[in-house]
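# Geometric and topological summary
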Amino acid sequence: MKVSFLELAPAYRELQAEIDEAFHKVLVKGWYVLGEEVASFEQEFADYLDVMHCVGVASGLDALALCLEALEVGSGHEVIVPSNTYIATALAVTRVGAKVVFVEPDPLTRNLDPSEVQRAITSRTAAILPVHLYGLPAEMQAIRKIANDHGLHVIEDAAQAHGARYFNKRAGGLGDVAAFSFYPGKNLGAFGDGGVVVTDDAAIAERIRTLRNYGSRVKYYNDMRGHNSRLDELQAAALNVKLPYLDAWNARRRHWAQRYNEAFAQIEGLVLPIEPEGCESCWHLYVVGTERRSELQHYLAERGIGTLIHYPLPPYRQRAYADLLIPPGTFPVADELANRVLSLPIGPHLSEEGIAYVCECVTGFFKRDRRV
Ligand SMILES: *Cc1c(COP(=O)(O)O)cnc(C)c1O
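Here the structure is a predicted model, which is why all the values come from computation and not from measurement.

## With respect to the site of the ligand
As a matter of local geometry, the ligand sits amid Ser59, Gly60, Leu61, Leu64, Tyr86, Ala88, Val131, Asp157, Ala159, Gln160, Ser181 and Lys186. One nitrogen or oxygen atom from the main chain of Gly60 is found 2.8 Å from an oxygen atom belonging to the ligand. In the complex, 90% of the free accessible area of the ligand, which totals 380 Å², lies under the protein chains. Among the elements that line the shell around the ligand, the one with the most residues is helix α4 (residues 60-70), at three residues. Taken together, the residues of the shell around the ligand sort by class into six nonpolar, four polar and two charged.

## Regarding the sheet that holds strand β9 (residues 195-199)
Within the open sheet, the seven strands sit side by side as β1-β9-β8-β5-β4-β2-β3. Their pairing is mixed. Either end of the sheet is taken by a strand with one partner, and the two such strands are β1 (53-57) and β3 (99-103). In this sheet, adjacent strand axes meet at a mean angle of 25° when their direction is disregarded. As paired strands, β1 and β9 are joined by five bridges and run antiparallel to one another. In the strand pairing of β9, Val57 is matched with Gly195. Where α4 meets the sheet, it contacts β1, β2 (78-82), β5 (153-157), β8 (177-181) and β9, and its direction lies at approximately 165° from that of β8. Contacts from helix α8 (residues 202-212) reach β1, β8 and β9, with the element oriented near 15° to β1.

## Thoughts on unusual backbone geometry
Following His310, the chain continues into Tyr311 via a peptide bond in cis, with omega recorded as 10°. In this fold, Tyr311 is placed in the loop between α11 (293-302) and α12 (332-340). One non-glycine residue, Arg110, adopts positive backbone phi at about 65°. In this fold, Arg110 is placed in the loop between β3 and α6 (114-120).

## Comments concerning the confidence of the model for the protein chain
Per-chain confidence: the protein chain averages 97 in pLDDT, with 99% of residues scoring 70 or above. Across the protein chain, the element-wise mean pLDDT spans from 90 in helix α13 (residues 352-371) up to 99 in β8.

## A few points about the nonpolar core
Phe41, Phe45, Ile128, Phe182 and Val198 are the most contacted members of the largest nonpolar core, which has 44 residues in total. When residues of this core are traced back to their parent elements, those giving at least two are α3 (36-49), β3, α6, α7 (140-150), β8, β9 and α9 (233-242). The biggest single contributor to this core is α3, with six residues. Residues lining this core come from more than one domain, with at least three contributed by each of domain 1 (9-244) and domain 2 (246-371).

## Points about the sheet that holds strand β6 (residues 165-166)
Pairing is antiparallel in the open sheet, where three strands are placed in the order β7-β6-β12. Edge positions in the open sheet fall to β7 (169-170) and β12 (279-280), since each of these has one partner strand only. Both β6 and β7 contribute to a ladder of two bridges, which runs antiparallel. Bridge pairing in β7 links Tyr166 to Lys169.

## Things to note about a nonpolar patch on the surface
A surface patch of nonpolar side chains, amounting to about 380 Å² of accessible area, comprises Leu27, Val28, Tyr32 and Val33. In this structure, Leu27 sits in helix α2 (residues 16-29).

## Structural notes on the side chain of Glu37
In this structure, Glu37 sits in helix α3. Lys25 provides the closest opposite charge to the buried, salt-bridge-free Glu37, at an N-O distance of 4.1 Å. At a separation of 3.0 Å, a polar atom in the side chain of Glu37 contacts the side chain of Asn240. Contact partners of Glu37, with chain neighbours within four places excluded, come to Lys25, Val26, Glu233, Ala236, Ala237 and Asn240.

## Here we look at the state of the cysteines
Per the counting criterion, the structure on display carries zero disulfides. Of all cysteine sulfurs, the one in Cys279 lies closest to Cys282, which takes part in no disulfide; the gap is 12 Å. Judged by its relative accessible area of 1%, Cys282 falls in the buried class. Note on Cys359: no disulfide assigned, nearest cysteine sulfur contributed by Cys361 at a separation of 9.5 Å.

## Concerning a negative patch on the surface
Taken together, Glu44, Asp47, Asp50, Asp200 and Asp201 make up a surface patch of like negative charges. Within the secondary structure, Glu44 sits in helix α3.

## Describing the environment of Glu21
Counting through the fold element by element, Glu21 comes out in helix α2. In this structure, the C-alpha to C-alpha distance between Glu21 and Glu336, residues 315 residues apart in sequence, is 48 Å.

## Re the domain arrangement of the protein chain
Segmenting the protein chain into domains produces domain 1 (9-244) and domain 2 (246-371). Of note, the centres of domain 1 and domain 2, computed from C-alpha atoms alone, are 25 Å apart. Between domain 1 and domain 2, the residue contacts involve 43 residues of the former and 39 residues of the latter. At the boundary of domain 1 with domain 2, total buried surface from both sides reaches about 3400 Å², with 63% on carbon and sulfur atoms. Counting across the interface, domain 1 meets domain 2 through two salt bridges. Linking Arg252 and Glu14 is a salt bridge whose minimum nitrogen-to-oxygen distance equals 3.4 Å. Joining domain 1 to domain 2, the criterion identifies 25 residue pairs in polar contact (both at pLDDT 80 or more). Of all elements in the fold, only α1 (9-14), α5 (87-95), β3 and β6 reach the threshold of two or more residues within the side of domain 1 that touches domain 2. No other element matches the four residues that α5 contributes to the side of domain 1 that touches domain 2. Each residue belonging to the side of domain 1 that touches domain 2 can be placed in one class, and the counts come to 25 nonpolar, eleven polar and seven charged.

Thresholds applied
- Residues numbered from 1 in each chain as written.
- Predicted model: local features only at pLDDT ≥ 70, side-chain atom pairs only at ≥ 80, totals over all residues.
- Heavy atoms only, no water.
- Near = heavy atom within 4 Å.
- Polar contact = N/O pair within 3.5 Å; in protein donor to acceptor, adjacent residues only side chain to side chain.
- Areas by Shrake-Rupley, 256 points an atom, 1.4 Å probe, with all protein chains shown as cover.
- Helix = DSSP H or I, 4+ residues; strand = E, 2+ residues; numbered from the N terminus.
- Nonpolar A, V, L, I, M, F, W, Y, C, P; charged D, E, K, R; others polar.
- Pairing = 2+ DSSP bridges.
- Axes fitted to C-alpha atoms, helices over the stretch in contact; angles between N-to-C directions.
- Contact = heavy atoms within 4.5 Å.
- pLDDT = per-residue confidence, 0-100.
- Core = buried A, V, L, I, M, F, W, Y, C linked by side-chain atoms within 4.5 Å.
- Buried < 20%, exposed > 50% of the residue type's maximum accessible area, 1.4 Å probe, protein only.
- Domains from an automatic or database assignment.
- Patch = residues over 30% accessible without salt bridge, like charges linked within 9 Å, V, L, I, M, F, W, Y side chains within 5 Å.
- Salt bridge = Lys/Arg side-chain N within 4 Å of Asp/Glu carboxyl O.
- Lys, Arg positive; Asp, Glu negative; His and termini not counted.
- Disulfide = S-S within 2.5 Å.
- Charge placed at Lys NZ, Arg CZ, Asp CG, Glu CD.
- Buried area = accessible area lost by both parts, 1.4 Å probe.

Here you go:
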């Protein structure tokens, strides 16, 4: 049997008639950038998240950078970012000229540790940028309290958290402003790149709307030095078709996660993902931890099971950030996670047999070992 890490085509096949029709409508209409499809998706996604404003942009990375720019965070400012995040979070901060301040996560939730955040605050700190890593909401109550006490902005990196909940609110509605990505592999994915910024703040939303479109409010008149960063009509049309299925697809992911949790509960030496009180992950990834990561990955690969490592090298150790001169070992929690994490298949279009097979092989790996 073969179980791919993630296949994207089955989602298209499930909705093929609807998606083909939506694309066809856009193509025939002849309006391809910033039209009705984008406007309608912005409204629908804002309603889904229960936020006031949603602005379509070109990618998740652009969404993050635009959040910072709209809040006037830049040169001379520091932004707190988890040390174990995907590189994009850090890239957004350095792109606007601010200093990225890495802070260690809690090793069990793998999300920002609020007590570490508190310690990292200086007079130059402008914002805290928590990531809802792997789909699990960060500890937003504590983070917001720290932000309020120090007058800081909270920007959510919700690129992995479409539909996740935190005490009955959706991720994306938990800070001052949030960034989503619609990269094809995300829980809500387009057929190319895309993203949005969401916020309850009308002024921030208006700035993002202007910045995404050359800094222009009136065509050919430019109030700001903006960007070309727009969600296009074809991607928005696809997202309009897919959004109504997001909750059902997330429920399937949740079901697979529960199957894994039950199957692996008794395995010693395998750290399972957790959902703290009040947190409902959208299970973007199902990430286990083990000291024997490469052996397990190899064992599963030999049996036709695809796995990935999210992520093998923390941002502070990347060559891209060599100029920060942060000595290796400065962030031991991020290092340890990078050395141990392994993501198992968890897409909404996996089959019951596929999941059963992954459960059997992972359990088999650790059993075999005990007999030796
Ligand atoms: C995917 C991702 C991004 C970037 O989104 P893109 O659309 O690929 O630019 C940012 N942060 C996190 C945590 C992500 O997983």
